[in-house]
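# Observations on the model geometry
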Amino acid sequence: MSAAPRVAVIGAGPAGLTAAYQLQRQGVSVKVFEARPRIGGRTRTDVVDGYRVDTFAQLFGSMYTEFFRMLREVGAGHLAVQAPGRDALWRGGRAHEVVYGSITSMLASGALPMRTKLRMGTSYLPFLTRHAADLQMHALEGAADAGLDAESIAEWGERELGRDFVDLLVYPLLAAYYGVTPEQTGAALYHLLAHHGMNVTVYALRGGAGGFCDALAQSVRQGGGEVRTSAAVQRVEPESGGVRVSGDGWTEEFDAAVVCIPGPAVPEVVGGLTEAARAWFGGVRYQPLVSLALLLDRPAGVRYFGLSFPRGESQVVAAACVEENKAADLVPAGKGLLVVLPAPDAVSRFLDAEPRQVLNAVLPDLARAFPAVESALHRVKLYRWPEGGPVFYPGYLRHLQAFRRGEVEGDGRIAFGGDYLCVPSTEGSVLSGVRAASRLLQRLRSGVA
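Reference entry: report on the structure contained in this document.

Cut-offs applied
Residues numbered from 1 in each chain as written. Predicted model: local features only at pLDDT ≥ 70, side-chain atom pairs only at ≥ 80, totals over all residues. Heavy atoms only, no water. Helix = DSSP H or I, 4+ residues; strand = E, 2+ residues; numbered from the N terminus. Rg over C-alpha atoms; globule rule 2.2 N^0.38 Å. Buried < 20%, exposed > 50% of the residue type's maximum accessible area, 1.4 Å probe, protein only. Contact = heavy atoms within 4.5 Å. Salt bridge = Lys/Arg side-chain N within 4 Å of Asp/Glu carboxyl O. Arc of directions from axis to C-beta. Polar contact = N/O pair within 3.5 Å; in protein donor to acceptor, adjacent residues only side chain to side chain. Pairing = 2+ DSSP bridges. Axes fitted to C-alpha atoms, helices over the stretch in contact; angles between N-to-C directions.

## Description of the overall build of the protein chain
From N to C terminus, the protein chain includes 15 helices and 20 strands. Taking 449 residues into account, the globule formula puts the C-alpha radius of gyration at 22 Å, and the protein chain, at 22 Å, falls close to it. Looking at the protein chain as a whole, 61% of its 449 residues qualify as buried. For the protein chain, the proportion of contacts with a sequence separation of at least 24, taken over those separated by at least 6, is 73%.

This is how it looks when you write it as structure tokens:
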């Protein structure tokens, strides 16, 4: 490997910026290309009229070990602040407060029917305990090998624990945090989340979730790297001894590249893929995502942070996040901020809608929980991710095993990153960036690439 190889990183979300930072620490010259005007992807904070809007990613669990390690490494560990952990579930005309991620708290609340509570206590908690070794966030192959991902969590849950388990527990979590339904999602992913949620502390970032990517980008720049925004890459082509990266009217040559874009877009951007690799990426599915920020002239007036709507309680709202209850510096004093996450089945019709149209669709259900929300409304802002986030459908963990065996990347000069390769979260993005940088460095150093 030369003294200072040049590597292009495509995508300035948590995966791309993590990969760039890791490569730079090992003496690599990096240049990051981001198609959007802002870095961060779904882990981004937008500043609007003094309100700091976490546009999608909200909280970070204590099991996010790579995320917090990277946060400390770039000197931003002080940004993490423990969140109160109060959530609520809307059912029967009122909000039932619970502790975030705690199954035992759910069992003690009035949100669940007694029959479901009994089944949870006598069947599901022992099930999670038996499979604890198979439900590791950084080793998803364990869940695949244990046969936990052969069916959807809707099928598994309805058979084993009843429909209320699916509608009141599974749906609210998956719809709010991942924009997917139980029918779309493999059972293993929910089991993994439930297992880690039995004992989790949640954190927010002072100044907003986007502070993580901002700190990474600053470190890359301080180390001599470049982070370019509004720089859409149209093609990444391997060539003899390197990689050619091109956009609208420009082309640059690099020794290698890390591509951290949504999986389904890879075959359109990256040249030289084998037929097996193209087929593999054809098995990666994404779901569009939308969020709506409601800037309020006064606080929402509740104690909890996240209010989830079970299936049947709302056709258009999955959850509402009360940002002033998450961290002290996100909302101006005496004001309020709700970030509304639409129900998965409503997202497609909101993608091309005007903010006021989306607001009119969600207001009736929001007003049941926050009666004064319309009169307190100061401004509305809509955020869209047409590419969305990954769907870990039944059997997807088995699909991932081919990637981990090296059957997709081979020994080439292009490595891939993104949460579709690990687990659908900021932690998965960070872990994928670490792994992509490591694989590429190994190839460059060995001279195989």
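Still more ground to cover, so stick around.
## Here we look at unusual backbone geometry
Positive phi outside glycine occurs at aspartate 49, with the angle close to 55°. Mapping aspartate 49 onto the fold places it in the loop between β3 (45–48) and β4 (51–54). By relative accessible area, which is 46% here, aspartate 49 ends up partly exposed. Residue serine 230 is not a glycine yet carries a positive backbone phi of 50°. Tracing the backbone shows serine 230 in the loop between β10 (226–228) and β11 (235–239).

## A closer look at the side chain of lysine 117
Tracing the chain through its elements places lysine 117 in helix α4 (residues 114–130). If we skip the residues at most four places from it in the chain, lysine 117 touches Met106, Leu107, Ala108, Ser109, Gly110 and Leu112.

## A short note on the pattern of salt bridges
For the structure on display, the rule yields 32 salt bridges. Between arginine 25 and glutamate 73 there is a salt bridge, with its nearest N and O atoms 3.3 Å apart. Taken together, the residues span a long stretch of sequence, with arginine 25 in helix α1 (residues 14–25) and glutamate 73 in helix α2 (residues 65–73) at a distance of 48 residues. Looking at arginine 25, the relative accessible area reads 48%, which means it is partly exposed. Here arginine 69 and glutamate 66 are joined by a salt bridge, their closest N and O atoms 2.8 Å apart. With arginine 69 and glutamate 66 both in helix α2 and 3 residues apart, the pair spans about one turn of that helix. Judged by its relative accessible area of 14%, glutamate 66 is buried.

## Re the environment of serine 219
Structurally, serine 219 can be placed in helix α9 (residues 211–222). Taking the C-alpha atoms as reference points, serine 219 and glutamine 82, separated by 137 residues in sequence, lie 24 Å from one another. Setting aside anything within four residues of it in sequence, one finds serine 219 in contact with Tyr21, Gln24 and Val74.

## As for helix α6 (residues 153–160)
Of all the residues in α6, the buried ones are Ile153, Ala154, Trp156 and Gly157. Viewed end-on, α6 has its buried residues packed into an arc of 165°, placing them on one side of the element.

## A look at the side chain of threonine 43
Tracing the sequence through the fold places threonine 43 in the loop between β2 (29–33) and β3. At 3.2 Å, the side chain of threonine 43 and the side chain of threonine 426 are in polar contact. Dropping the residues within four chain positions of it, threonine 43 is found in contact with Pro14, Ala57, Phe60, Ala209, Gly210, Cys213 and Thr426.

## Things to note about the sheet that holds strand β6 (residues 80–82)
The strand order across the open sheet built from 3 strands is β5-β9-β6, with neighbouring strands paired in antiparallel fashion. Of all the strands in the sheet, the pair left with one neighbour each is β5 (60–61) and β6. Bridge count between β5 and strand β9 (residues 202–205): 2 bridges; the pairing is antiparallel. Each bridged residue has a counterpart across the sheet, and for glycine 61 the counterpart in β9 is valine 202.

## Remarks on the environment of leucine 273
Following the sequence through the fold, leucine 273 ends up in the loop between α10 (266–269) and α11 (275–282). Judged by its relative accessible area of 16%, leucine 273 is buried. The residues touching leucine 273, leaving out its near neighbours within four places in the chain, are Val266, Pro267, Arg278, Phe281 and Phe416.

## What to know about the sheet that holds β10
If you trace the 5 strands from one edge of the open sheet to the other, you get β10-β2-β1-β14-β20, paired in parallel fashion. Of all the strands in the sheet, the pair left with one neighbour each is β10 and β20 (414–416). Taking the axes of each pair of neighbouring strands and ignoring which way they run, one obtains an average angle of 15° across the sheet. The sheet contact formed by β2 and β10 spans 3 bridges and is parallel. Paired with valine 32 across the strands is valine 227, a residue of β10. Each of β1 (6–10), β14 (256–259) and β20 touches helix α15 (residues 426–446); the most contacted strand, β20, lies at about 160° to it.

Scope: geometric values only; no functional claims are made or implied.
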